[in-house]
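Below, each chain spelled out in residue letters.
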Amino acid sequence: MDDHKSPVSGVNSHLEMGSLEGRMVLELEDENLVSAGTIARKTSSLDAAPQRSFYDLEDFGCKYTLNRVLSSIKIVLFSDKLNLLVPCGPLAILVHKLTSHHGWVFFLSLLGIIPLAERLGWATEQLAFFTGPTVGGLLNATFGNATELIISMYALKNGMIRVVQQSLLGSILSNMLLVLGCAFLGGGIVHSNKEQVFNKANAVMNSGLLLMAVMGLSLPAVLHVTHTELHFGKSELALSRFSSCVMLVAYGSYLFFQLTSQKSMYSPIDEEENQNDGNSDDEEAPGISKWESIIWLSVLTIWISVLSEYLVNAIEGASVAMNIPVAFISVILLPIVGNAAEHAGAVMFAVKDKLDISLGVAIGSSTQISMFGIPFCVVVGWIMGRPMDLNFQLFETAALFITVLVVAFMLQEGTSNYFKGLMLLFCYLIVAASFFVHLDPKSIQDKPKKT
């Protein structure tokens, strides 16, 4: 039976194998058709989808960069009404090229520098968001005084030593009397229901440095007035250069002390209470990035340098055209322009009851000018071959000494009110009136080189 059944079973098995192979072939063909259709659909969908090539990505990067640049320009140049004065700068250059009216060149340059100085301070504040309060306070003081230092460098280059001395002196007087007075007055009026307080230790330390600067400026003047020089015409200059080097070292030590031992010097004394409350509603965010801040600081500094050259060259002609003493222009008008950023910032912080920051801006700037700016100009004049010294003449030195004493007495209690602000402003009016009627003897007047 097995032998007879084997052929039939073989045939059946062959038929079954054939049918299985047929089904497998059909299934494979169906799978191929399905996969081919799927692939075709996927291919068509990929072809229809927008593909980003290298050039598309490059265009996207360019558009992003362009939008970022336009946004930064809009924030910096069109976010403050004071920027309406920016066209005065190019207009001053145009007037200088077309006419010889020094009064208009000086006036337009003065107006053109005001918004640039304010924006310079604003860009420094933006950079301070990324550096912390202590470094930020030092940056505010440094770039806040950049305008005065730039003007001083151009004046020193032209041999206008008295303009350098009087503009730096005026910057100290303006910060200590006008800026601090407005801050005390504004803060006192807004917070009239309480007495504002600030860190007394920091104020006393800055007052000590200012008195040290007064010492450095007084001794060469006294040496000159008493005619007690060992080598006439040389001892005064040698003493000034030696004292300047000592003052620079002292200021460097002060900075090191601030950055290492007094890291909270520019922080409000009630900062811990605010942190415990957890209220971060008043915290501001930077409007531009760190690198944008650095780029804008460079651009604004360069533009201020350009306008400063026209400003300095027009001082003598403006004095004659407007019948105003050069001393008044140097001590009063130039520092008010240079201190525009400090003025606005100090008042704003005082109104927000952040008086420690206001003092850090006003008194810190005065300390930096007296302990760094003036000695730095003496050393630069030494390198240039200009006889820049610390003999600011008896009249200017006396004005500085009395101002430092008045401010030191105002700060000794560690409190502020609007009456103290009024007193400081009245003192500044007296100083301004004094320099309006003050005239340098012809023997010490500047004889600038013709350019």
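Every chain begins its residue count from 1, and numbering advances along the sequence as written. Local features in this predicted model are restricted to residues of pLDDT 70 or higher, and side-chain atom pairs are both shown and tallied only at a pLDDT of 80 or more, whereas totals for entire chains, interfaces and linings draw on every residue. Neither water nor hydrogens contribute to the side-chain values; these are computed over all heavy atoms in the structure.

### A short note on the overall build of the protein
How we decide: The secondary structure listing takes helices from DSSP runs of H or I that are at least 4 residues long and strands from runs of E that are at least 2 residues long, numbered from the N terminus. Under the scheme applied here, a residue whose accessible area is under 20% of the maximum for its type counts as buried, over 50% as exposed, and between as partly exposed, the area being computed with a 1.4 Å probe on protein chains only. By the convention used here, residues are in contact when the closest approach between their heavy atoms is within 4.5 Å. Using a 1.4 Å probe, accessible areas were evaluated by the Shrake-Rupley method; residue-level cover was limited to the displayed protein chains.
Within the protein, the regular secondary structure consists of 17 helices and two strands. Looking at the 451 residues of the protein, the share that counts as buried comes to 45%. For the protein, restricting intrachain contacts to residue pairs at least 6 apart in sequence, the fraction spanning at least 24 positions comes to 84%. About 23,900 Å² of surface is accessible on the protein, with carbon and sulfur atoms providing 67% of the total.

### Some words on the packing of helix 6 (residues 146-157) against helix 15 (residues 355-384)
Going by this rule: Between the N-to-C directions of two axes lies an angle of 0 to 180 degrees, each axis being a line fitted to C-alpha atoms and, for a helix, fitted only over the stretch in contact. In this scheme, roughly parallel covers angles under 35 degrees and roughly antiparallel covers those over 145, while 65 to 115 is roughly perpendicular and the rest are oblique. Working rule for handedness: look at the near helix, and if it is turned counterclockwise from the far one by less than a right angle, call the crossing left-handed; if clockwise, right-handed. Charged residues are taken to be Asp, Glu, Lys and Arg, nonpolar residues to be Ala, Val, Leu, Ile, Met, Phe, Trp, Tyr, Cys and Pro, and polar residues to be all remaining types, Gly included.
Put simply, helix 6 and helix 15 touch, their axes get as near as 11 Å, and they point 30° apart. Between helix 6 and helix 15, the angle is such that the two are roughly parallel. The interaxial crossing formed by helix 6 with helix 15 has right-handed handedness. Of helix 15, the residues touching helix 6 (which contributes L149, S152, M153, L156 and K157) are F372, G373, F376, C377, V380, G381 and M384. Considering only residue class, the contact of helix 6 with helix 15 consists of eight nonpolar, three polar and one charged.

### Some words on the pattern of salt bridges
Rules: For this analysis, a salt bridge means a side-chain nitrogen from Lys or Arg found within 4 Å of a carboxyl oxygen belonging to Asp or Glu.
Evaluated as defined, the whole model comprises four salt bridges. Of the charged contacts, one joins E396 and R162 as a salt bridge, the two residues approaching to 2.6 Å between their closest N and O atoms. Note that E396 is positioned in helix 16 (residues 393-411) and R162 in helix 7 (residues 161-190), a separation of 234 residues in sequence. Each member of the pair, E396 together with R162, is buried.

### Looking at the packing of aromatic side chains
In plain terms, the rule: In summary, the pairing rule links any two rings of Phe, Tyr or Trp, Trp by its six-membered ring, whose centres are within 6.5 Å, and it sorts them by plane angle into stacked for under 30 degrees, edge-to-face for over 60 and tilted for everything else.
Counted by the stated rule, this structure contains seven aromatic pairs. Ring centres 5.9 Å apart and planes at 45° place the aromatic pair Y251 and Y254 in the tilted group. Remark: Y254 and Y251 occur in helix 9 (residues 235-260); sequence separation between them is three residues, near one turn of the helix. Grouping residues by exposure puts Y251 and Y254 together as buried. Grouping aromatic residues by their ring pairs yields a cluster made of Y251, Y254, F372 and F376.

### Quick notes on the nonpolar core
The nonpolar side chains of soluble globular proteins are, as a tendency, buried together. Quick note on the threshold: As used in this record, nonpolar core signifies buried Ala, Val, Leu, Ile, Met, Phe, Trp, Tyr and Cys residues forming a set joined through side-chain atoms within 4.5 Å.
Ranked by internal contacts, the top residues of the largest apolar core, which has 98 residues, are F106, L180, L359 and L411. In terms of residue count, the dominant contributor to this core is helix 7 (16 residues). In this view, L180 contacts N175, L359, A362, I363, V407, L411 and L424; residues no more than four positions away in its chain are not counted.

### A look at the side chain of N206
Cut-off, in case you're wondering: Here a polar contact is recorded for every N or O atom pair within 3.5 Å, except that within protein the pair must consist of a potential hydrogen donor and a potential acceptor, and residues adjacent in sequence are included only if both atoms are side-chain atoms.
Within the secondary structure layout, N206 lies in helix 8 (residues 200-225). Its relative accessible area of 8% is what places N206 among the buried residues. A polar atom in the side chain of N206 sits 3.2 Å from the side chain of Y254.

### Describing helix 7
Filter applied, for reference: The length a helix should cover is 1.5 Å for every residue beyond the first.
End to end, helix 7 covers 42 Å across 30 residues, agreeing with the expected 44 Å (1.5 Å per residue, within 8%). With 28 of 30 residues buried, helix 7 is to be regarded as a mostly interior element.

### Overview of the confidence of the model for the protein
What counts, and what does not: Scored from 0 to 100, pLDDT records how confident the predictor is in each individual residue.
With 77% of its residues at a pLDDT of 70 or more, the protein has an overall mean of 78. A low-confidence stretch, residues 1-50 (pLDDT under 50), is modelled with one contact involving residues beyond four sequence positions or located in other chains. Across residues 268-282, where pLDDT falls below 50, the model places six contacts with residues more than four positions away in sequence or in other chains.

### Regarding the packing of helix 8 against helix 9
Here helix 8 crosses helix 9 at 175°, and the two axes come no closer than 9 Å. Here helix 9 runs roughly antiparallel to helix 8, going by the angle between their axes. Mapping the contact onto sequence places M205, N206, L209, M212, A213, G216, L219, P220, L223 and H224 in helix 8 and S235, E236, L239, S240, V246, M247, A250, Y254 and F257 in helix 9. Considered class by class, the residues forming the contact of helix 8 with helix 9 number 13 nonpolar, five polar and one charged.

### Looking at the environment of S109
Mapped onto the elements, S109 comes out in helix 4 (residues 102-128). Residues S109 and I304 lie 195 residues apart in sequence; the distance between their C-alpha atoms is 9.5 Å. In contact with S109, other than residues within four places in its own chain, are A92, L307, Y310 and L311.

### Some remarks on the side chain of S308
Tracing the sequence through the fold places S308 in helix 11 (residues 290-313). The contacts of S308, once residues within four sequence positions are left out, are I113, I150, I151 and Y154.

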